[in-house]
Amino acid sequence: MTLRSTFAQADSLLYRLRAAGTLLGVTDNTLRGYADHAGIAVRRASDLTPGAPAVRVFEPDTLFRLAQWRRAQNYVKAPASGSGPIVVTVDVIKGGTGKTTTSVETALHLQLLGLRVLLVDLDVQANATQLMGYEPDLTLDEAETYGVAPAAIVQDTFASVLMPFLEGRQRNQPVRAVPAGVIKKPFGEHGPHLIPADTFLGDIEPALANAKGQRELYLRQLIAASLAGATPGLDLSVYDVIVFDCPPSVSFTSTAAIAAADLVIAPIRLDAFSVKGLTKLMSEIDGLDAAYHVRPELIILPTHYAPQLARIGRMQTQLNQYRDLIAPCAISASEEFPKSLDSYLPLTLQKPTCHPSKEYRLFAEHLHGRILALAAARRRTAS
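The structure reproduced in this document is the subject of the present report.

Reading the values: the criteria
- Residues numbered from 1 in each chain as written.
- Predicted model: local features only at pLDDT ≥ 70, side-chain atom pairs only at ≥ 80, totals over all residues.
- Heavy atoms only, no water.
- Helix = DSSP H or I, 4+ residues; strand = E, 2+ residues; numbered from the N terminus.
- Rg over C-alpha atoms; globule rule 2.2 N^0.38 Å.
- Buried < 20%, exposed > 50% of the residue type's maximum accessible area, 1.4 Å probe, protein only.
- Contact = heavy atoms within 4.5 Å.
- Areas by Shrake-Rupley, 256 points an atom, 1.4 Å probe, with all protein chains shown as cover.
- Lys, Arg positive; Asp, Glu negative; His and termini not counted.
- Charge placed at Lys NZ, Arg CZ, Asp CG, Glu CD.
- Axes fitted to C-alpha atoms, helices over the stretch in contact; angles between N-to-C directions.
- Parallel < 35°, antiparallel > 145°, perpendicular 65-115°, else oblique.
- Nonpolar A, V, L, I, M, F, W, Y, C, P; charged D, E, K, R; others polar.
- Salt bridge = Lys/Arg side-chain N within 4 Å of Asp/Glu carboxyl O.
- Pairing = 2+ DSSP bridges.

1. Details of the overall build of the protein chain
Secondary structure assignment for the protein chain yields 15 helices and eight strands. Relative to the compact-globule value of 21 Å for 383 residues, the protein chain shows a C-alpha radius of gyration of 21 Å, a close match. Summarising its shape, the C-alpha atoms of the protein chain cover approximately 65 × 50 × 50 Å along the three principal directions. Residue burial in the protein chain is summarised as follows: out of 383 residues, 53% are buried. In the protein chain, once contacts between residues fewer than 6 apart in sequence are set aside, the share between residues at least 24 apart is 77%. Summing over all exposed atoms, the protein chain offers an accessible surface of approximately 16,800 Å²; the carbon and sulfur share of this is 50%. Considering the protein chain, the positive charge centre built from 37 side chains and the negative charge centre built from 37 side chains are found 7 Å apart.

Written out as structure tokens, the structure reads:
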């Protein structure tokens with residue numbers, strides 16, 4: 001029996017021209033041209049099913065390879081080499097707003113736009129980890145029972161990255177090496193990478209709470225140390241973007257992720273409680289600015305949008321006071337998002353042409369522009 005590298009049935013993900021073009025944001029003819037000139041093998045339906053038409057079928061790995069090829073050909077814009085990763089933190093103090101979905105879909109689409117993305121799951125519920133194909137609740141001994149290789153089981157989390165860094169800083173000693181394999185690659189080397197979560201990720205919270213000094217800045221310092229080559233086994237310089245998926249509650253971990261961010265995305269479900277959570281988030285950003293002169297840009301992303309509901313109009317009126325911070329698109333309500341978790345796959349990879357997937361593509365394109373602007377500003381400041 002061949003063991004899968006993730007819990008997802010990735011072998012079933014084969015896209016015809018229209019769906020593949022949608023994922024890359026190009027026309028059918030443009031995609032044909034890419035397939036002919038990129039030097040990347042593209043399979044045919046007849047190779048998989050005898051008697052089927054010999055039409056091209058694209059696998060996720062093929063599309064991610066094509067995205068990186070487009071970047072190498074300068075067909076898409078990317079941050080200049082050496083600018084360091086832009087940090088995007090997805091957070092709001094309210095559950096059920098679409099934080100994890102936004103984190104995963106944004107990471108996926110930014111990678112398809114040619115950026116190199118690392119997604120970090122900071123929530124002990126580990127939903128982002130599951131959406132990327134990994135199971136945090138099983139042990140290595142159980143892997144084969146489920147038809148997966150040991151790589152599909154979560155053994156190390158962001159705690160395995162942060163704890164050695166904290167210990168080194170507190171004891172004024174060199175940082176211990178990060179365990180090999182802490183970074184998962186669910187769609188291959190050319191897809192978005194992941195640092196997963198499990199219940200032991202909760203060890204971060206008391207460690208940060210008891211840390212000496214500016215504990216809110218430790219994630220920020222960790223990233224700087226990695227870029228300086230001071231975190232053995234963790235090289236964050238290879239990424240253009242780091243996306244932190246935060247838990248839905250107030251915590252030192254979330255605050256540290258906000259302090260590390262260049263951009264904070266606040267997915268706001270259009271109800272009263274989410275708007276209150278936004279107020280709390282903005283207050284937290286104000287506090288970081290006052291204490292440390294750290295102020296990430298805030299983008300408000302309306303989610304669960306359904307124009308036929310009266311409450312949506314009321315909530316939109318409340319959000320108008322923040323209109324300069326609101327993304328130029330919204331994410332529609334859809335029953336497809338919770339179902340996607342059962343398949344261990346992001347909705348976009350399951351149904352690339354569905355309406356919510358296209359909306360996240362539009363949001364990622366907007367975010368892509370902000371990332372490029374921030375990276376350019378950083379380089380100007382450095383020079």
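2. Focus on the packing of helix H1 (residues 17–24) against helix H2 (residues 28–37)
Running from N to C, H1 and H2 point in directions that differ by 90 degrees, and their axes come no closer than 9 Å. Regarding the angle of H1 to H2, the classification is roughly perpendicular. Contacts between H1 and H2 pair Leu17, Arg18, Ala20, Gly21 and Leu24 from the former with Asp28, Leu31 and Arg32 from the latter. Considered class by class, the residues forming the contact of H1 with H2 number four nonpolar, one polar and three charged.

3. Things to note about unusual backbone geometry
The phi torsion at Ala126 lies on the positive side, around 60 degrees, for a residue other than glycine. The backbone of His293 shows a phi angle near 55 degrees, a positive value even though the residue is not glycine. With respect to the secondary-structure elements, His293 resides in the loop between helix H11 (272–292) and strand S8 (297–303).

4. Notes on the pattern of salt bridges
Pairing between side chains becomes possible if they bear opposite charge and their charged atoms approach one another. Inspection of every chain in the model, using the stated rule, returns 14 salt bridges. Where Asp36 meets Arg56, a salt bridge forms, and the shortest distance between an N and an O atom there is 2.5 Å. Linking Asp36 in helix H2 with Arg56 in strand S2 (residues 56–57), this pair joins segments that are 20 residues apart in sequence. Residue Arg361 pairs with Glu365 through a salt bridge whose shortest N-O separation is 3.1 Å. With Arg361 and Glu365 both in helix H15 (residues 355–382) and four residues apart, this pair spans about one turn of that helix. Of the residues examined, Glu365 reaches a relative accessible area of 37% and is grouped as partly exposed. Taken together, the shared-partner salt bridges in this structure form one network comprising Arg71, Arg116 and Asp240.

5. Some thoughts on the pairing of strand S6 (residues 241–245)
Where burial is concerned, most of S6 is hidden: five out of the five residues are buried. Residues Val241, Val243 and Asp245 line one face of S6 and the alternating positions Ile242 and Phe244 line the opposite face, and both faces are buried. The sheet contact formed by strand S3 (residues 86–90) and S6 spans five bridges and is parallel. Its bridge partner lying in S6, Val87 is registered against Ile242. When strand S4 (residues 117–121) meets S6, the two strands line up parallel, connected through five bridges. The residue of S6 that forms the bridge with Leu119 is Val243.

6. Here we look at the packing of helix H4 (residues 60–72) against helix H5 (residues 99–112)
For the pair H4 and H5, interaxial distance at closest approach is 8 Å and the crossing angle is 55 degrees. Considering their axes alone, H4 and H5 lie oblique with respect to each other. Each of Leu63, Phe64, Ala67, Gln68 and Arg70 in H4 lies in contact with H5, whose residues at this interface are Leu108, Gln111 and Leu112.

7. Quick word on the sheet that holds S6
Here we have six strands laid out as an open sheet, ordered S5-S4-S6-S3-S7-S8, and parallel in their pairing. The outermost strands of the open sheet, each flanked by one partner alone, are strand S5 (193–195) and S8. In this sheet, adjacent strand axes meet at a mean angle of 20 degrees when their direction is disregarded.

So far we have only geometry, and geometry alone does not tell us how the molecule works.
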